[in-house]
Amino acid sequence: MAPPDARRPRFEELDWRQTSIGEVSLRRRREPTLDVDVYEVKLDDEYLMSSLFTVAEVELARLGLAELSGPELSGSDPAGPAGAELDVVVGGLGLGYTAVTVLEDERVRSLTVVETIPEVIDWHRRQLLPDVAGLTQDPRCRLVNGDFFAMVAGDGFGPETPEPLHAILLDIDHTPRHVLHPSHSAFYTADGLRRVERLLHPEGVFALWSDDPPDEAFGLVLGEVFASWVAHVVAFDNPLTGGESTNTVYVARKKTAEAARTAN
């Protein structure tokens with residue numbers, strides 16, 4: 001977190017825009033109990049994200065990319081810096097912590113981040129978020145204004161994004177059941193997940209952030225589409241309550257090419 005600046009107000013609305021999905025605002029406030037700057041995003045009256053709670057967003061990237069190992073991904077030593085040369089898509093830019101963590105992995109060759117709200121991309125280009133200010137300076141990273149779900153259902157992420165992909169990491173909706181827009185619900189069905197699965201390399205990874213505990217019914221849907229899946233419960237300290245909070249990161253892996261041929 002940035003150190004305090006005595007000249008700055010305790011609260012600032014850094015940006016406010018009317019968008020197609022509602023009023024979106026970026027706010028900075030000083031949290032007196034921790035003496036840190038906190039950056040928060042609101043959609044209408046609902047809080048979408050806060051820089052106080054980024055552990056699970058970071059773990060979405062780490063847990064997803066940790067599944068990607070083995071010579072089948074690159075034909076080279078995956079442990080070395082050249083490694084597998086991974087091509088990754090992140091759905092949802094937000095405050096940028098998932099994207100920044102992806103770029104910390106030296107194996108990553110390209111990262112496409114799809115964000116439906118152009119104002120959010122603008123915040124990063126204007127470097128309004130100091131903790132992730134280097135995101136737009138990394139030549140491996142491309143920020144795309146678009147509808148992630150429409151891209152998956154359509155022709156993919158565009159000619160500049162290498163396909164098939166090694167990993168698709170998603171952090172847009174609150175949970176598979178609590179979506180930001182009703183049109184997103186179809187994605188979390190078996191048919192919807194098959195569309196994202198077809199964009200992956202054999203043994204590629206789809207990972208998803210959720211605000212709720214593991215959902216057994218959604219796990220059954222993942223198991224219908226992917227070769228394997230696991231729900232990681234990510235625990236973190238909650239400085240506002242003095243207790244502990246949890247999120248869930250689902251990580252699903254596509255069948256190998258050989259297994260897919262056998263199944264067919």
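Scroll up to find the structure.
Residues numbered from 1 in each chain as written. Predicted model: local features only at pLDDT ≥ 70, side-chain atom pairs only at ≥ 80, totals over all residues. Heavy atoms only, no water.

So, on to the sheet that holds strand E6 (residues 108–115). Here seven strands make up an open sheet; going across it, the order is E7-E6-E5-E8-E9-E11-E10 and the pairing mixed. Every interior strand has two partners, whereas the edge strands, strand E7 (141–145) and strand E10 (228–238), have only one. Pairs of neighbouring strands in the sheet enclose a mean axial angle of 20°, with direction left out of account. (Pairing = 2+ DSSP bridges. Helix = DSSP H or I, 4+ residues; strand = E, 2+ residues; numbered from the N terminus. Axes fitted to C-alpha atoms, helices over the stretch in contact; angles between N-to-C directions.)

Moving on to a negative patch on the surface. A surface patch of negative charge is lined by Glu-23, Asp-44, Asp-45 and Glu-46. By secondary structure assignment, the location of Asp-44 is in the loop between strand E3 (36–43) and strand E4 (46–50). (Patch = residues over 30% accessible without salt bridge, like charges linked within 9 Å, V, L, I, M, F, W, Y side chains within 5 Å. Areas by Shrake-Rupley, 256 points an atom, 1.4 Å probe, with all protein chains shown as cover. Salt bridge = Lys/Arg side-chain N within 4 Å of Asp/Glu carboxyl O. Lys, Arg positive; Asp, Glu negative; His and termini not counted. Charge placed at Lys NZ, Arg CZ, Asp CG, Glu CD.)

Here we take up the pairing of strand E11 (residues 243–253). Regular strands have side chains that alternate between both faces of the sheet. Among the eleven residues of E11, eight are classified as buried, and the element is accordingly described as predominantly covered. When strand E9 (residues 200–210) meets E11, the two strands line up antiparallel, connected through six bridges. Following the sheet pairing, Val-205 is matched in E11 by Arg-253. Relative to E11, E10 is paired through eleven bridges, and the arrangement is antiparallel. Residue Phe-236 lies in a different strand from E11, and its bridge partner there is Ser-245. (Buried < 20%, exposed > 50% of the residue type's maximum accessible area, 1.4 Å probe, protein only.)

Let's shift gears to the packing of aromatic side chains. Where two aromatic rings form a pair, the distance of their centres and the angle of their planes describe that pair. Tallied over the entire structure, the rule returns twelve aromatic pairs. Measuring from ring centre to ring centre gives 5.4 Å for Phe-148 and Phe-149, while their planes differ by 90°; the resulting arrangement is edge-to-face. Among the residues examined, Phe-148 registers a relative accessible area of 2% and is labelled buried. Ring centres of Phe-218 and Tyr-250 lie 5.1 Å apart, and the angle between their planes is 80°; on these two criteria the pair is classed as edge-to-face. Of this pair, Phe-218 sits in helix H6 (residues 216–225) while Tyr-250 sits in strand E11; the two residues are 32 residues apart in sequence, bridging distant segments of the chain. You'll find Phe-218 and Tyr-250 in the same group, each marked buried. An aromatic cluster is present here, built from Phe-148, Phe-149, Phe-157, Phe-187, Tyr-188, Phe-206, Phe-218, Phe-226, Trp-229 and Tyr-250 joined pairwise through their rings. Between the NZ or CZ atom of Lys-42 and the centre of the ring of Tyr-47, over which it lies, the distance is 4.8 Å. (Phe/Tyr/Trp six-rings, centres within 6.5 Å; stacked < 30°, edge-to-face > 60°. Lys NZ or Arg CZ within 6 Å of the ring centre and 35° of its normal.)

Contact pair helix H5 (residues 190–197) / H6: the axes reach a minimum separation of 9 Å and the direction vectors enclose 50°. Between H5 and H6, the crossing angle belongs to the class labelled oblique. Judged by the twist between their axes, the crossing of H5 over H6 is right-handed. Two secondary-structure elements touch here, H5 through Ala-190, Leu-193, Arg-194 and Glu-197 and H6 through Phe-218, Val-221, Leu-222, Glu-224 and Val-225. Classifying every residue of the contact of H5 with H6 gives six nonpolar, no polar and three charged. (Parallel < 35°, antiparallel > 145°, perpendicular 65-115°, else oblique. Left-handed = near helix turned anticlockwise from the far one by under 90°. Contact = heavy atoms within 4.5 Å. Nonpolar A, V, L, I, M, F, W, Y, C, P; charged D, E, K, R; others polar.)

What follows concerns the sheet that holds strand E2 (residues 22–31). One open sheet accounts for four strands, arranged E1-E2-E3-E4; its pairing is antiparallel. The open sheet terminates on both sides in strands that have one partner only, identified here as strand E1 (11–19) and E4. Along the sheet, successive strands turn relative to each other by an average axial angle of 20°, direction set aside.

A few words on unusual backbone geometry. Here the amide bond leading from Glu-163 into Pro-164 is cis, since omega sits at 5°, within 30 degrees of zero. Here Pro-164 shows up in the loop between helix H4 (148–153) and strand E8 (165–170). The backbone of Glu-203 shows a phi angle near 70°, a positive value even though the residue is not glycine. Here Glu-203 is to be found in strand E9.

Below, the discussion takes up the layout of surface pockets. The space that makes up the largest pocket amounts to roughly 600 Å³. In this structure, the largest pocket is lined by 35 residues; those nearest its centre are Met-49, Glu-115, Asp-171, Ile-172 and Leu-180. Where the lining of the largest pocket is concerned, the elements lending two or more residues are E3, E4, helix H2 (97–103), E6 and H4. In terms of residue count, the dominant contributor to the lining of the largest pocket is E4 (three residues). Its residues assigned to classes, the lining of the largest pocket comprises 18 nonpolar, twelve polar and five charged. Of the voids in this model, the second largest pocket is the one considered here, and its volume is about 340 Å³. Lining the second largest pocket are 18 residues, with Leu-48, Met-49, Ser-50, Phe-53 and Asp-211 sitting closest to its centre. Among the elements that line the lining of the second largest pocket, the one with the most residues is E4, at four residues. Partitioned by chemical class, the residues of the lining of the second largest pocket number eight nonpolar, six polar and four charged. (1 Å grid on protein atoms, 1.4 Å probe; cavity = no way out; pocket = protein on both sides within 12 Å on 5 of 7 lines; lining within 4 Å. Points joined across faces, edges and corners; volume = space filled by probe spheres on them.)

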